[in-house]
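Structural features, examined
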Amino acid sequence: MARIVILGAGESGAGAAVLAQKKGFDTFVSDMSSIKENYKQQLNEKGIRWEEGRHTEELILNADEVIKSPGIPNDAPMILKVKEKGIPVISEIEFAGRYTHAKMICITGSNGKTTTTSLIYHIFKKAGFNVGLAGNIGQSLAYQVAEYDYDYYVIELSSFQLDNMYKFHANIAVLMNITPDHLDRYDFQMQNYVDAKFRIIQNQTDEDAFIFWNDDPIIQRELHKYGIHGHFYPFAAKKEAGLAAFVEENKVYFLEPSAFNMEQEDLALTGTHNLFNSMAAGISANIAGIRKECIREALSDFKGVEHRLEKVATVRGVEYINDSKATNVNSCWYALQSMKTKTVLILGGKDKGNDYNEIADLVREKCSGLIFMGLHNEKLHAFFDGFGLPVRDVQSMKDCVNAAYEMAQKGETVLLSPCCASFDLFKSYEDRGDQFKECVRNL
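What comes next is a walk through the structure. On a predicted model such as this, the values are computed, not experimentally measured, just so you know.

Rules behind the numbers
Residues numbered from 1 in each chain as written. Predicted model: local features only at pLDDT ≥ 70, side-chain atom pairs only at ≥ 80, totals over all residues. Heavy atoms only, no water. Pairing = 2+ DSSP bridges. Helix = DSSP H or I, 4+ residues; strand = E, 2+ residues; numbered from the N terminus. Axes fitted to C-alpha atoms, helices over the stretch in contact; angles between N-to-C directions. Contact = heavy atoms within 4.5 Å. Buried < 20%, exposed > 50% of the residue type's maximum accessible area, 1.4 Å probe, protein only. Polar contact = N/O pair within 3.5 Å; in protein donor to acceptor, adjacent residues only side chain to side chain. Salt bridge = Lys/Arg side-chain N within 4 Å of Asp/Glu carboxyl O.

So, about the sheet that holds strand S15 (residues 310-315). The strand order across the open sheet formed by six strands is S15-S16-S20-S17-S18-S19, and the pairing between neighbours is mixed. The open sheet is flanked by S15 and strand S19 (391-394), the only strands paired with a single partner. This sheet shows a mean twist of 20° between the axes of neighbouring strands, independent of strand direction. Of the pairings in the sheet, the one linking strand S16 (residues 318-322) to strand S20 (residues 413-416) comprises four bridges and is parallel in character. Paired with glutamate 319 across the two strands is threonine 413, which belongs to S20. Sheet strands touched by helix H16 (residues 397-407): S15, S16, strand S17 (343-347), strand S18 (367-373), S19 and S20. Its angle to S18, the strand with the most contacts, is close to 165°. Its contacts with the sheet place helix H17 (residues 429-441) against S15, S16, S17, S18 and S20, and it is angled at close to 20° to S15.

Listed below in structure tokens is the structure:
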């Protein structure tokens, strides 16, 4: 019996363990941290052996294959020992893909991938498709492959997941954009991160589709490098030859494979970034053969994604917006661009090699004050202190929201769009956003 060891017992790892056990592997799960109770229960119910708080080498280095959770760096000590032994290391997505014949619609990008993934899933569900939602959203792909039988999966893929995918095949691959992110995981080499993102189109055939933002300079620069086989479906804001979707005179036009259009004001999601998300989702649905009437309706009634430009409350004439999912600078740029009023901007967290020049002009134009939230705000002060804006330092969400309440004037907006990971003060960006919403509602 072949032995599979799963490192990391979060959603991805626990799901991989369930699938490995079902497929008859000798399965073992090891996590250096504590395992959440719901995952312990899941593993126990399936009779899967596990350990927490350590990696026991003799139980790991005898594996035939190791499935690595995406949060574990490729240079983690145990991963290096596994590789020294010549044991293959794969991702949960790679493993799950071996055991399903479902069509795969896969979405990546530095920004917009969660919204686009959720929107595509919404359209497919509305059209009556037998479809699962996986990747960085909801249940893991491996768990769903083990427990359900979907015809389609809509999968959000991070660069970390793509790193350890080798034979996995995306029938529809969507690349929203590429801007600097997670450079601390890629030796601060942008090309390494770019190469990871482009792994989404590996193994595509002439029957497959590659959807991408045509105006992204990095995508344009890299397109010729990868021997892409899938049919191109580029989208952009302005009409030009060869596009699958564009905007003209306040209408969004979809050209391939079936032509139709809709009024831009009918889109449920507003802002330039959401226009691109809607175009990518509409093209994906169009390729899948969903009726244009259904696509129009679904693009019109989508409710949005939690922690992404989420309106929380208006308190004494000040609107509070939760954009905690903005964990990089480019994502904050899109959020600031969509602000219609002067804004008190909340920044800070675990810096991932950020370059704040991208938002400098928007901060000068739109911001009335800045709040730095984190344990180490020196880099933020060094960059923004010369802007002449009021600045407050805080180290808890309660203090942050109280500071925003004191700084913001009636008619302004308070925007949590941190540019950074959450791990210095919070468990996750969801925890950060949830705490922000709770504190705002307690004002």
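In this structure, asparagine 328 sits in the loop between S16 and helix H13 (329-337). The exposure class of asparagine 328 is buried, given its relative accessible area of 2%. A polar atom in the side chain of asparagine 328 sits 3.1 Å from the side chain of asparagine 111.

Counted by the stated rule, this structure contains 21 salt bridges. A salt bridge links arginine 49 to aspartate 26; the shortest N-O distance between them is 3.2 Å. Here the residue arginine 49 occupies a position in strand S3 (residues 49-52), and aspartate 26 occupies one in strand S2 (residues 26-31), the gap between them amounting to 23 residues. Relative accessible area serves as the criterion here: at 23%, aspartate 26 is assigned to the partly exposed category. Between arginine 291 and glutamate 293 there is a salt bridge whose closest N-O contact spans 3.4 Å. Here arginine 291 falls in the exposed class, since its relative accessible area comes to 56%. For glutamate 293, a relative accessible area of 41% puts it in the partly exposed group.

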